[in-house]
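# Notes for the structure review
Letter by letter, the chains look like this.
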Amino acid sequence: MQNPHVLIVEDCPAQQLYAGQLLKQLNIQHISYASDGELALELLKKQQTDVMLIDLEMPQMNGVELLRSTVRQQLCQAVIITSAKDSLLLNSVATMAEADGLQVLGVLAKPLNKEQLSVCLSRRIATVWPAAFERKTPFFEQNLLQEAIRGQHFSLCYQPIVDMNSGQIIAVEALARWCQPELGIIRPDVFIATAEQWGLINELTLVLLDQALRRLQQWQDVGLVVPLSFNLSPLSLSDAAFVQGLHHKVRQFGIKPELICFEVTETQSFTHVSAAIEALANLRLAGFGIAIDDYGTGFANIQQLSRIPATRLKLDRSLTYGVSERPQQRLVLENTIQLAHKLGLSLIAEGIEKLADALVIKRFGINLVQGYLCYKPLTANDCTAVLCKSSDQQAVS
Ligand code: C2E
Ligand code: CA
Ligand code: CA
């Protein structure tokens, strides 16, 4: 690769300097430095970065959290992961990053050396993400997003959640898409974060919920009673009036709260923890389901199980993908499942793409799966067709 721009994310000034010197010896001319995850994210948003050399142990936002945010916001495509910690930790983080679609050029124990770094950098290949994303998040100016929300340029896809025992669809998850006239379909990882940044997330959420509830009504009108999972930004949870508004909206549409499960992921923006827990508890009391989303990632972890009043746990793809081939991952998954069962939480395994993984997961006692193996996210019309077919089959059997 010609002249890559490398960002060194390292909290120790001496190690930062050392890594920079090694890169200079390898003729890397564009080097920037960040001493923690937050600063790294700021830099990534401002400048084109080809490779991030990232230390796992940092104060505030650690390397794992930084990797997740980088993926969500599609800020950098390739990483080299370093740590003084054991290789098991390094490798499992690499597995997570790869499962998320990052190019992991290498996993290096400290101290770094020039030869290993050189091999890692030579592994980088051309773009991983669609060209439309090359310009990264800043192109979503506040006005552009605001107009899109007001002009209803957002639509929802629906991904079925399937019971492996019966083969039936037990619910669908609504996934937002932005149909931008110039750029085409934009995925939510990119625009949800931008909507959060501009303070537009509540407005966007209401537009999407409206659409989802209207769809549920249409399905009910033709005899399809379909439970719906709907994603909520953790930022919205600190606004009690907004959360109350969600409840009103569902009632207005005549939809039973029991049919809706709100999915939330704890992130760094889950700052007002007590307000968020209060909001979730109120939703629970009103009859809604609550799912902890992305369980097993940097933010969503074991601590949440005891503090979020959830009914359901969604196991992230980084825990489930490739589980049939990785004994250590299997162990983690098995223990997580046992814990969730003891806490009385229902489980959904996300990101299931391979039959072998589905079989392992089923053997561990999870029946509910969501993933490309069963269905990709479907347009509303395609989903209606699939639901009709599924309900006909149910009627026959
Ligand atoms: P999520 O809630 O974890 O949703 C699952 C994501 O995994 C979806 O990506 C889905 O298309 C993808 N997926 C499903 N099965 C597979 C599989 O087998 N393999 C792989 N590789 N991926 C699979 P999508 O639609 O791009 O959404 C990304 C994230 O954006 C969602 O992750 C959710 O956190 C957020 N999001 C989506 N819609 C909304 C929304 O309406 N509101 C909010 N606040 N967030 C949303
Ligand atoms: Ca979700
Ligand atoms: Ca998820």
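Look up a bit, the structure's there.
Residues numbered from 1 in each chain as written. Chains lettered and ligands numbered in written order. Predicted model: local features only at pLDDT ≥ 70, side-chain atom pairs only at ≥ 80, totals over all residues. Heavy atoms only, no water.

### With respect to the site of ligand 1
The criterion, for reference: By convention in these notes, a residue is near a molecule or strand provided one of its non-hydrogen atoms lies within 4 Å of it. Counted as a polar contact is a pair of N or O atoms within 3.5 Å, where, for protein atoms, one must be capable of donating a hydrogen and the other of accepting one, and residues adjacent in sequence contribute only when both atoms are in side chains. The protein chains shown are the only cover counted for residues, whose accessible areas, like all others here, come from Shrake-Rupley with a 1.4 Å probe. In DSSP terms, a helix is any run of H or I states spanning at least four residues, a strand is any run of E spanning at least two, and both are numbered starting from the N terminus. Residue polarity is assigned by list, with Asp, Glu, Lys and Arg as charged and Ala, Val, Leu, Ile, Met, Phe, Trp, Tyr, Cys and Pro as nonpolar; anything else, Gly included, falls into the polar class.
Close to ligand 1 lie 24 residues, the nearest being Arg 177, Arg 187, Asp 189, Glu 353 and Tyr 372. Asp 293 is positioned such that a nitrogen or oxygen atom in its side chain is 3.0 Å from an oxygen atom of ligand 1. Surface burial for ligand 1 is 88%, taken as the share of its 800 Å² of free accessible area covered by protein chains. Looking at the shell around ligand 1, the elements that each hand over two or more residues are strand E7 (169–180), helix H7 (188–197) and strand E11 (289–295). Looking at side-chain class alone, the shell around ligand 1 contains nine nonpolar, five polar and ten charged residues.

### Some remarks on the pattern of salt bridges
When charged atoms on two side chains of opposite charge get close, those side chains can pair. Heads up, the rule is: For this analysis, a salt bridge means a side-chain nitrogen from Lys or Arg found within 4 Å of a carboxyl oxygen belonging to Asp or Glu. A 1.4 Å probe rolled over the protein chains alone gives each residue an accessible area, and that area as a share of the maximum for its type sets the label: buried under 20%, exposed over 50%, partly exposed in between.
Following the criterion strictly, the structure yields twelve salt bridges and no others. A salt bridge links Arg 72 to Asp 294; the nearest nitrogen and oxygen atoms lie 2.4 Å apart. A residue pair is termed long-range when its members are at least 10 positions apart, and Arg 72 in helix H3 (residues 63–73) and Asp 294 in strand E11 qualify at 222 residues. The class for Arg 72 is partly exposed, based on a relative accessible area of 30%.

### Regarding the coordination of the calcium ion (ligand 3)
The cut-off we apply is this: The rule for donors is simple: N, O or S, within 2.8 Å of the metal, or within 3.2 Å if the metal is Na, K or Ca. Water isn't counted, so a site may look like it is missing partners.
Taken together, the protein ligands of the calcium ion (ligand 3) are Asp 293 (OD), Asp 294 (OD), Glu 350 (OE) and Glu 350 (OE), with distances of 2.2 to 2.7 Å. Positions of the donor residues of the calcium ion (ligand 3), expressed as sequence spacing, correspond to D-D-x55-E. A gap of 4.2 Å separates the calcium ion (ligand 3) and the calcium ion (ligand 2), which Asp 293 links by coordinating each metal. Taken together, the residues Asp 294 in strand E11 and Glu 350 in the loop between strand E13 (346–349) and helix H14 (355–363) connect sequence positions 56 residues apart. Overall, the relative accessible area of 10% leaves Asp 294 in the buried class. Judged by its relative accessible area of 12%, Glu 350 falls in the buried class.

### Quick word on the coordination of the calcium ion (ligand 2)
The protein atoms that coordinate the calcium ion (ligand 2) are Glu 173 (OE), Asn 231 (OD1), Glu 263 (OE) and Asp 293 (OD), at distances of 2.1 to 2.4 Å. Spacing between the donor residues of the calcium ion (ligand 2) along their common chain follows E-x57-N-x31-E-x29-D. Its relative accessible area of 1% is what places Glu 263 among the buried residues.

### Considerations on the pairing of strand E10 (residues 260–264)
Formally: Strand pairing follows a simple DSSP-based rule, namely that at least 2 bridges must link the two strands. Orient the strands so they point away from the viewer; a crossover is then right-handed if the path from the first strand over the helix to the second runs clockwise.
The buried fraction of E10 amounts to five of the five residues, a majority that puts the element mostly inside the structure. As defined by bridge partners, strand E9 (residues 228–231) adjoins E10 across four bridges and the pair is classed as parallel. Looking at E10, one finds that Ser 229 is bridged to Cys 261. Once the chain exits E9 it traverses helix H9 (residues 240–252) before rejoining the sheet at E10, and the crossover so formed is right-handed. As paired strands, E10 and E11 are joined by four bridges and run parallel to one another. Pairing of Val 264 across the sheet is with Ile 292, part of E11.

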